[in-house]
Amino acid sequence: MLQQTQVSTVLDYYRRFTQHYNDVQSLANAPIDDVLALWTGLGYYARARNLHKTAVILVDKYNGQLPDDLDKLIELPGIGRSTAGAIMTLAYHQIFPILDGNVKRVLARYYAIEGWPGKKEIENKLWQCAEELLPTSRIANYIQAQMDLGATVCTRSKPSCETCPLQSNCRAFQHNLPQNYPTSKPKKIIPTRQTNWLIAQLKTGEILLEQRPSHGIWGSLWSFPETDSSKNIDSLCQDKLFVNMANITTQPYIRHVFSHFKLDIHPHLIQCSINNNRIAENKSLTWYKIGDALLLGLPAPVKLFLEQLQKMRN
Ligand code: SF4
């Protein structure tokens, strides 16, 4: 769980992002590299890419407005059925259910629905309950109240059943078992992967960075060139990075945890010189001064490492 200080840092980053891109047009016009750079620190970079893609579609197809049609909303990158439902109700006052994490929890408890809501069958049951409960008027108030109830009263670890307006009909409360719902996700052993960062640095301080492919982890962000094995780094420097290695020091490993695996990163700091101009053959590789690199879209551990390198040089 995020600590209070981490929450306020994330909120600060988010505020900075929304202040910079304060309308759809400015976000659509921005190069994706700038969007990712401003998103640094917020994680889940697919969200930034989806926001950008959606802004471009809204400007191109919908005159910069969100369409008032559930199916068209769901077609937009990053918008699922629940978000589309929330837009339809809160912005357009049309009657649709939502099913975000808070609402799932309230419904699972209210009806004492067994099973992990990530399973399609359980999720379908919850959607059905959400639909059956829909009022015929004041839909925006109802949806807002549903979300607020989950966020403030029927909370994950300490539901305030004594003050809850649903208490008299809530099955989980009647059985004194609110914490048993919703059923937790079945535990899976998260695998650990290994990678090696090749942090090539010139005498003058510039660092070699590589822009990652747009798909996969840290898509389109700038990172250090990587290799699976710590063997043959010298020849990799020659053949892939086009540098002559003068000295190499391996730094303590860094563990980065993703939702579905852990990544153990072994950083190798390589003092080097450029051996020829072949770097132009690989357009994703670029030398950056550390200060300039810190303005790019960077994965959090890369940013941290660069900040430490910058401190060491100052
Ligand atoms: S009575 Fe308790 S468990 Fe039931 S909905 Fe209210 S807060 Fe949640």
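(A) Expanded view of the overall build of the chain. Of regular secondary structure, the chain possesses 13 helices and 8 strands. Oriented by its inertia axes, the alpha-carbon framework of the chain measures out at about 75 × 45 × 35 Å. Out of the 314 residues belonging to the chain, those deemed buried represent 40%. Long-range contacts, defined as pairs at least 24 residues apart, comprise 62% of the intrachain contacts of the chain with a sequence gap of at least 6.

(B) Structural view of empty space enclosed by the protein. Evaluation of the coordinates by the stated rule reveals 1 cavity of 30 Å³ or more. If you trace the largest cavity, you find 15 residues lining it, with Arg-109, Cys-154, Cys-161, Cys-164 and Cys-170 closest to the centre. Put simply, the parts of the chain that give the lining of the largest cavity at least two residues each are α7 (101-110) and α9 (139-153). Counting residues per element, the lining of the largest cavity draws most heavily on α7, which supplies 3 residues. Of the residues belonging to the lining of the largest cavity, the class tally is 12 nonpolar, 2 polar and 1 charged.

(C) Local environment of the site of the ligand. Taken together, Arg-109, Cys-154, Pro-159, Cys-161, Cys-164, Gln-167, Cys-170, Phe-173 and Pro-178 make up the full set of residues near the ligand. In a pocket analysis with a 2 Å cut-off to the grid points, the ligand is assigned to the largest cavity. Broken down by class, the residue content of the shell around the ligand amounts to 7 nonpolar, 1 polar and 1 charged.

(D) Quick peek at the nonpolar core. In terms of nonpolar packing, the biggest core is built from 36 residues, with Ile-199, Ile-207, Leu-209, Phe-224, Leu-298, Leu-306 and Leu-309 touching the most fellow members. Taken together, the elements giving at least two residues each to this core come down to α2 (24-29), α3 (32-39), α4 (45-62), β1 (192-202), β2 (207-211), β7 (262-274), α12 (290-293) and α13 (300-313). Split by domain, this core shows at least three residues from each of two domains, domain 1 (4-180) and domain 2 (192-313). Discounting residues that sit within four places of it in the chain, Phe-224 has contacts with Trp-197, Leu-198, Ile-199, Ile-207, Leu-208, Leu-209, Val-302, Phe-305 and Leu-306.

(E) Quick peek at the layout of surface pockets. In this structure, the largest pocket spans a volume of roughly 1,900 Å³. Trp-39, Leu-42, Gly-43, Tyr-44 and Arg-47 are the residues nearest the centre of the largest pocket, which is lined by 48 residues in total. Elements represented by at least two residues in the lining of the largest pocket include exactly α1 (4-20), α2, α4, β6 (254-257) and α13. In terms of residue count, the dominant contributor to the lining of the largest pocket is α4 (9 residues). A breakdown of the residues in the lining of the largest pocket according to their chemical character gives 27 nonpolar, 16 polar and 5 charged. In this structure, the lining of the largest pocket is formed jointly by two domains, domain 1 (4-180) and domain 2 (192-313), each of which donates at least three residues.

(F) Focus on the side chain of Thr-227. As for its position among the elements, Thr-227 is in strand β4 (residues 226-227). Among the polar contacts made by the side chain of Thr-227, one reaches the main-chain carbonyl oxygen of Ser-229 at a distance of 3.4 Å. Each residue touching Thr-227, except ones within four places of it in the same chain, is listed here: Thr-195, Asn-196, Leu-198 and Leu-236.

(G) View of α7. α7 sits mainly inside the fold: 7 of its 10 residues count as buried. The elements touched by buried residues of α7 are α8 (120-132), α9 and α10 (171-174). Where α7 begins, the capping side chain belongs to Asp-100, and its oxygen is found 3.2 Å from the backbone nitrogen of Asn-102.

(H) Spotlight on α3. Along α3, the positions that sit buried rather than exposed are Val-35, Leu-36, Ala-37, Leu-38 and Trp-39. Just downstream of α3, Gly-41 is the residue with a positive phi angle, here 100°.

(I) Quick peek at the domain arrangement of the chain. With domains assigned, the chain is organised as domain 1 (4-180) and domain 2 (192-313). Here the C-alpha centroids of domain 1 and domain 2 sit 37 Å apart. Across the interface of domain 1 and domain 2, roughly 720 Å² is buried in total on both sides, 53% from carbon and sulfur atoms. Summed over the three residues of domain 1 that lose the most area to domain 2, namely Thr-40, Tyr-45 and Arg-49, the buried surface amounts to 54% of that side.

Calculation criteria
Residues numbered from 1 in each chain as written. Predicted model: local features only at pLDDT ≥ 70, side-chain atom pairs only at ≥ 80, totals over all residues. Heavy atoms only, no water. Helix = DSSP H or I, 4+ residues; strand = E, 2+ residues; numbered from the N terminus. Buried < 20%, exposed > 50% of the residue type's maximum accessible area, 1.4 Å probe, protein only. Contact = heavy atoms within 4.5 Å. 1 Å grid on protein atoms, 1.4 Å probe; cavity = no way out; pocket = protein on both sides within 12 Å on 5 of 7 lines; lining within 4 Å. Points joined across faces, edges and corners; volume = space filled by probe spheres on them. Nonpolar A, V, L, I, M, F, W, Y, C, P; charged D, E, K, R; others polar. Near = heavy atom within 4 Å. Sits in = over half its atoms within 2 Å of the grid points. Core = buried A, V, L, I, M, F, W, Y, C linked by side-chain atoms within 4.5 Å. Domains from an automatic or database assignment. Polar contact = N/O pair within 3.5 Å; in protein donor to acceptor, adjacent residues only side chain to side chain. Buried area = accessible area lost by both parts, 1.4 Å probe.

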